[in-house]
Amino acid sequence: MRNQTYILGKLVEITIIFFVIMTALFFLFRLSPGDPISKVADPMLTPEDMRYIIEQMGLDKPIWEQYVIYLKNFFTGNFGVSFHYGEPVFKIIRERLGWTVLLFTSSTILAAFAGVFLGKIAAWNKGSRLDNVLSISALVCYTLFIPWFALLLLWVFGFKLGLFPLGGILSPELWVGNASWFVRMLDILHHMLLPLMTLFVIHLGSYLLLMRSSMLSVLREDYIITARAKGLSERVIRNKHAAKNAALPVVTSVGLSLAFSINGGALTEQIFTWPGIGRELIFAVSNNDYPLAQACFLLIALVVCWPIWLWIFSMPIWIRGLPIEPQGMVLE
Amino acid sequence: MLKNHYIQRFLKGWKIFIQNPLGKMGVVILVVFMLMALASFFVPHINPMYDPMTGIDPDIKISTGPSLTHLLGTDNVGRDLFAQLLEGAKVAFIVGLSSAFFSIVIGTVIGMVSGYAGGMVDTILMRMADIIMVMPSLVILLILSSLFGQFNIWIIVFIIAIMRWPAVSRVIRSQTLSLKHRPFIEASRVAGASHLRIIFRHIMPNVLPLAFLYMTFRVTSAILVEAALSFLGFGDPSQVSWGMMLQWVWKSGHMFQAPYWLIPPGVSISLLTLSFYMLGRAMDEVLDPRLRKEGQS
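Keep in mind that what you see is a predicted model, and the values were worked out from it rather than measured.

1. Topic: the packing of aromatic side chains
Aromatic ring pairs are defined here through the distance separating the ring centres and the angle between the ring planes. As enumerated under the stated definition, the model contains 16 aromatic pairs over all chains in all. Here the aromatic cluster, defined as three or more aromatic residues joined through ring pairs, consists of F26, F27, Y67 and Y70 of chain A. The ring of W248 of chain B has R79 of chain B lying over it, and the distance from NZ or CZ to the ring centre is 4.5 Å.

So, in structure tokens, the structure goes:
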């Protein structure tokens, strides 16, 4: 019961947060300097098309009516037409989303597993040389400047060694030829490896440090002493008793650090010309493609609320009825 | 008498701080970058061609590698890369410190008020903090600069500060909550102190060390965000920051030809942010004796 009211409260909170973001975005786009019509309709359009769009978006009506139309359009998936592509924004976003999700989830999951594993080892051997090496390299990973690191990887592995392609997702000859899906998949994987490595390294640092500090505090708990007193082997204590509990803050931080990851993801996509949402957003912003930029941003806002969803629904399963507060991220 | 007490406390803290290897390393790196930032004021006076923005070596038309006249080489129009690197250090310090300062001021005040007032004020302020906390600051800056045109460096600093106060205010709020019911606060309330006086005279000195600790982490993220923004071409075009240098090497297509141009700015960004982060970690140990004991055992 306690959990249900808690979850309900969170759901209401997310809805409010999202509405606030949407409203703020609406007013930002309408009240920024310049002609508001130019923010919605392509200035290059013919007068007839222009009038059609103005009518559709209600630009000739008072601002609160425009807001209602904006909300209606949002819920029916009508985000307008991209200036640059001349296609509905919804279609473009749908095409790009898969690529971002692929890169994002794979790198996050890999980094979380590696971070938990290495953090566990570092905390277990606290003060040893291994711990120092791991902690310092994690710190370095954490403060790396993402685009620079990506360029460096591209320069070394892509250009100097020629091991990896310099960008894109699929070799041009495979676009047109009738290669089997397996060959295509391998090619995509080949293209994905460098961006994956960038995001992996960037995330690994924070997960490792978080796991290390969480594991250190768990190791001070009384039940670890109990486990020792019972005569359990050190390995069982480390893996079963300590690491499992210590990993929890890392799992929640995967969600909470999403804002940070989105910044990094956009930069990585931009450098490796990976056709995802982040790159599309940067492109839209650079070319004043307002409908596309707005839709990308709303999607990102939805996504940053999403870990809270995930967290809500998985919480009762993990913790079996214990209401926990999200651990504040240790790093940022 | 009181001053003396603060100085003694500072000296004691400093001793613990400097014993920490991370703290020592952080201070050394920081001093190097400070010297670089100071040097950026003198370099253009040696020879006008060392001006990071407008100085052009008349003999050089393409990007050249390191030489005696140009320690790190030149970019594709003949500007000295070392001078740009020095200027970048200055910009990084300005951006990092000032935006961290603003966000600490905002975060501390909001955190203290929210924790002290409680109730509705607390709820509203903390919900606001939640919303801002989950927003990716780089994306927000990108959208804003596409709507309002290219930003001046101070506006960028200010937006970063506004995006970055929530985490600070959360920490300060919980500290304030634990202070609120201590006897000395109650005593001052009985003595007739106003709310403002209690917040700023009695609570603030107790939360300030924590605020300073968070400031070091804010500096790190502010420098990284500004660099990323400049790298994408949305920075202040009149400032030579490290992100800007990377944007130039990338946009001019020299990233595979000119490692002497690509590597230094990135290393500098990472080292400077690393040093601030190390300072924060070492300061953490000064402020939290529990950590200290653990570190010594």
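From this point, things continue past the structure.
2. Considering the environment of I263 of chain B
Along the chain, I263 of chain B turns up in helix α10 (residues 259-287). When the C-alpha positions of I263 of chain B and L246 of chain B are compared, they lie 8.9 Å apart, and in sequence the two are 17 residues distant.

3. Here's the deal with the pattern of salt bridges
All names here are of chain A. For the structure shown, the criterion picks out seven salt bridges over all chains. Between R96 and E95 there is a salt bridge, and its shortest N-O distance comes to 3.4 Å. Classification of R96 by relative accessible area gives buried; the value is 14%. Between E234 and R228 there is a salt bridge whose closest N-O contact spans 2.9 Å. Through salt bridges with shared partners, a single network forms among E95, R96 and E280.

4. Digging into the confidence of the model for chain B
When pLDDT drops low, the exact placement of atoms in the prediction is not to be read closely. All names here are of chain B. With 96% of its residues at a pLDDT of at least 70, chain B reaches an overall mean of 83. For chain B, the element scoring lowest by mean pLDDT is helix α11 (residues 289-296), at 49; helix α3 (residues 81-117) scores highest, at 90. Predicted confidence for residues 293-297 stays below pLDDT 50, and this span has three contacts to residues more than four positions away or in other chains.

5. Re the nonpolar core
Core analysis: the biggest nonpolar cluster contains 149 residues, and F145 of chain A together with M135, F231, W242 and L272 of chain B have the highest contact counts within it. By residue number, the principal contributor to this core is helix α8 (residues 195-231) of chain B, which donates 19 residues. Other than its neighbours up to four places away in sequence, F145 of chain A contacts L224, A227, A228, F231, L246, I269 and S270 of chain B. Counting residues in each nonpolar core, the second largest holds 17 residues, with A227, I237, A242 and A243 of chain A among its members.

6. A closer look at the interface of chain A and chain B
Facing the 48 residues of chain A at the interface are 45 residues of chain B. For the chain A and chain B pair, buried surface summed over both sides reaches about 4,300 Å², with 78% attributable to carbon and sulfur atoms. The tally of links from chain A across to chain B stands at zero salt bridges. Viewed at the interface, chain B and chain A are joined by four residue pairs in polar contact (both at pLDDT 80 or more).

7. Here we look at a nonpolar patch on the surface
Residues and elements named next belong to chain B. Side chains of I94, F101, F102, V105, V109, W154, F158, I162, L196 and F200 sit close together on the surface and give an oily, nonpolar patch of about 880 Å² of accessible area. Secondary-structure elements contributing two or more residues to the nonpolar patch are α3, α6 (153-180) and α8. Along the chain, F102 falls in helix α3. A relative accessible area of 30% places F102 in the partly exposed class.

8. Observations concerning empty space enclosed by the protein
The full count for this structure, using the stated rule, is six cavities of 30 Å³ or more. Estimates place the volume of the largest cavity at around 270 Å³. In terms of lining residues, the largest cavity is bounded by 20 residues, among which I146 and F260 of chain A together with S221, L224 and V225 of chain B are the most central. Put simply, the parts of the chain that give the lining of the largest cavity at least two residues each are α7 (146-160) and α12 (258-271) of chain A together with α8 of chain B. A total of six residues in the lining of the largest cavity trace back to one element, the largest contributor, which is α8 of chain B. Looking at the lining of the largest cavity, its residues break down into 14 nonpolar, four polar and two charged.

9. Description of the layout of surface pockets
Residues and elements named next belong to chain B. Each pocket or cavity is described by its volume, and for the second largest pocket that value is around 1,200 Å³. Forming the walls of the second largest pocket are 31 residues, and the residues nearest its centre are F10, P209, M283, V286 and L287. Looking at the lining of the second largest pocket, the elements that each hand over two or more residues are α1 (2-19), α2 (21-46), α3, α8, α10 and α11. Looking at the lining of the second largest pocket residue by residue, the classes come out as 23 nonpolar, five polar and three charged.

Analysis parameters
Residues numbered from 1 in each chain as written. Chains lettered and ligands numbered in written order. Predicted model: local features only at pLDDT ≥ 70, side-chain atom pairs only at ≥ 80, totals over all residues. Heavy atoms only, no water. Phe/Tyr/Trp six-rings, centres within 6.5 Å; stacked < 30°, edge-to-face > 60°. Lys NZ or Arg CZ within 6 Å of the ring centre and 35° of its normal. Helix = DSSP H or I, 4+ residues; strand = E, 2+ residues; numbered from the N terminus. Salt bridge = Lys/Arg side-chain N within 4 Å of Asp/Glu carboxyl O. Buried < 20%, exposed > 50% of the residue type's maximum accessible area, 1.4 Å probe, protein only. pLDDT = per-residue confidence, 0-100. Contact = heavy atoms within 4.5 Å. Core = buried A, V, L, I, M, F, W, Y, C linked by side-chain atoms within 4.5 Å. Buried area = accessible area lost by both parts, 1.4 Å probe. Polar contact = N/O pair within 3.5 Å; in protein donor to acceptor, adjacent residues only side chain to side chain. Patch = residues over 30% accessible without salt bridge, like charges linked within 9 Å, V, L, I, M, F, W, Y side chains within 5 Å. Areas by Shrake-Rupley, 256 points an atom, 1.4 Å probe, with all protein chains shown as cover. 1 Å grid on protein atoms, 1.4 Å probe; cavity = no way out; pocket = protein on both sides within 12 Å on 5 of 7 lines; lining within 4 Å. Points joined across faces, edges and corners; volume = space filled by probe spheres on them. Nonpolar A, V, L, I, M, F, W, Y, C, P; charged D, E, K, R; others polar.

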